[in-house]
Amino acid sequence: MTTTPEASEVPVAHTAHTLEPLLYKPLADQQIERIHDIEQRLEEVIATIQQFATLDFSARASISELGDVIDAVAAGVNFLGEELEASYSEVERKVADRTAELGVITQELTRRALHDDLTGLANRTLFWDRLTHRMNLNDRRRSGFAVIFVDLDHFKVVNDTLGHAVGDQLLIDVAARIRSVLRVGDSAARMGGDEFLVLLDEVATRDAALVVVERLSDVLGEPYDIADEWRSVTSSLGLAMGPGSFASADAVVAAADAAMYESKQRERGGFVIYGEF
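Predicted model only: the values in this text are computed from it and were never measured.

Asker: What is the right way to read the packing of aromatic side chains from this model?
Answerer: What characterises a pair of aromatic rings is the spacing of the ring centres plus the angle enclosed by the ring planes. Enumeration over the complete set of coordinates arrives at four aromatic pairs. Ring centres of Phe52 and Phe57 lie 6.1 Å apart, and the angle between their planes is 50 degrees; on these two criteria the pair is classed as tilted. Accessibility expressed as a relative area gives 9% for Phe57, which makes it buried. Considering the side-chain rings of Phe246 and Tyr274, the 6.1 Å spacing of their centres and the 45 degrees angle between planes classify their relative orientation as tilted. Placement of the pair is Phe246 in the loop between strand E6 (235-242) and helix H7 (249-266) and Tyr274 in the segment after strand E7 (271-273), with a sequence separation of 28 residues. Among the aromatic residues, those joined into a ring-pair cluster are Phe52, Phe57 and Tyr88. Sitting above the plane of the Trp128 ring, Arg124 keeps its charged end 3.9 Å from the centroid.

Below, the structure written as structure tokens:
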């Protein structure tokens, strides 16, 4: 009679050999997957740090549910990113604020470099630049231009008898009156002391220039409130028409200046056209 072996009688060696593929191969696959997962997570952390190097501080590394050392590193990197982002935003804000402040300061310095502090009119440098630019456009403009030289009569008497503060206020008032007759495109400047210049950018004819000169002479001839009294202060004007044969801005202004002095010699408070005396 043949006897069937009991389950407990199965050779141990045979059992171990039979189960080995089932026990150890899946474990090796898990290790490989684990290693790949670690590599991917580390690569993400490194990529996040590299983003920081490009000043992109908004990048964040993923944090798993494992709570292992890689998660700890990722959390540290993310915290660093938050700190850098906050700091960089603050730096950007401060830089933007400082840039805006410097822009305002630069504009103010430019304004002061090119304008008269007392009257706010253009100064000699800016006027010469504008006049030179206008002369360079002569070939492209059908109409001409004109320069008016204005000089207050007896301004020294006001300064000497009533003081420099009163004299300064008179200059401010004169500048305001000059502005009131300027047309679009015209410019006015204070040369210094009691001398002013006006550039008429577009002058079709001699008569058109005279209309502006006469209006300016009338406005400047009206009484001024000086030391709480209305007083008359005349101005002598000289007009130079361009382009003519003038080779430079200096030549145009010199012609207007000569016409102004001729006006003073004839009758204070009037005006003279260069070339007509």
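Structure's up, so let's keep going.
Asker: Could you clarify how one ought to interpret the packing of helix H3 (residues 124-136) against H7 in this entry?
Answerer: A pair of packed helices can be characterised by two numbers: the angle between their axes and the separation between those axes. At a minimum axis distance of 9 Å, the contact between H3 and H7 shows a crossing angle of 110 degrees. The angle between H3 and H7 falls in the class roughly perpendicular. The residues of H7 that touch H3, namely those facing Arg124, Phe127, Trp128, Leu131, Thr132 and Met135, are Ala249, Asp250, Val252 and Val253. Among the residues forming the contact of H3 with H7, the class breakdown is seven nonpolar, one polar and two charged.

Each value, and the rule that gives it
Residues numbered from 1 in each chain as written. Predicted model: local features only at pLDDT ≥ 70, side-chain atom pairs only at ≥ 80, totals over all residues. Heavy atoms only, no water. Phe/Tyr/Trp six-rings, centres within 6.5 Å; stacked < 30°, edge-to-face > 60°. Buried < 20%, exposed > 50% of the residue type's maximum accessible area, 1.4 Å probe, protein only. Helix = DSSP H or I, 4+ residues; strand = E, 2+ residues; numbered from the N terminus. Lys NZ or Arg CZ within 6 Å of the ring centre and 35° of its normal. Axes fitted to C-alpha atoms, helices over the stretch in contact; angles between N-to-C directions. Parallel < 35°, antiparallel > 145°, perpendicular 65-115°, else oblique. Contact = heavy atoms within 4.5 Å. Nonpolar A, V, L, I, M, F, W, Y, C, P; charged D, E, K, R; others polar.

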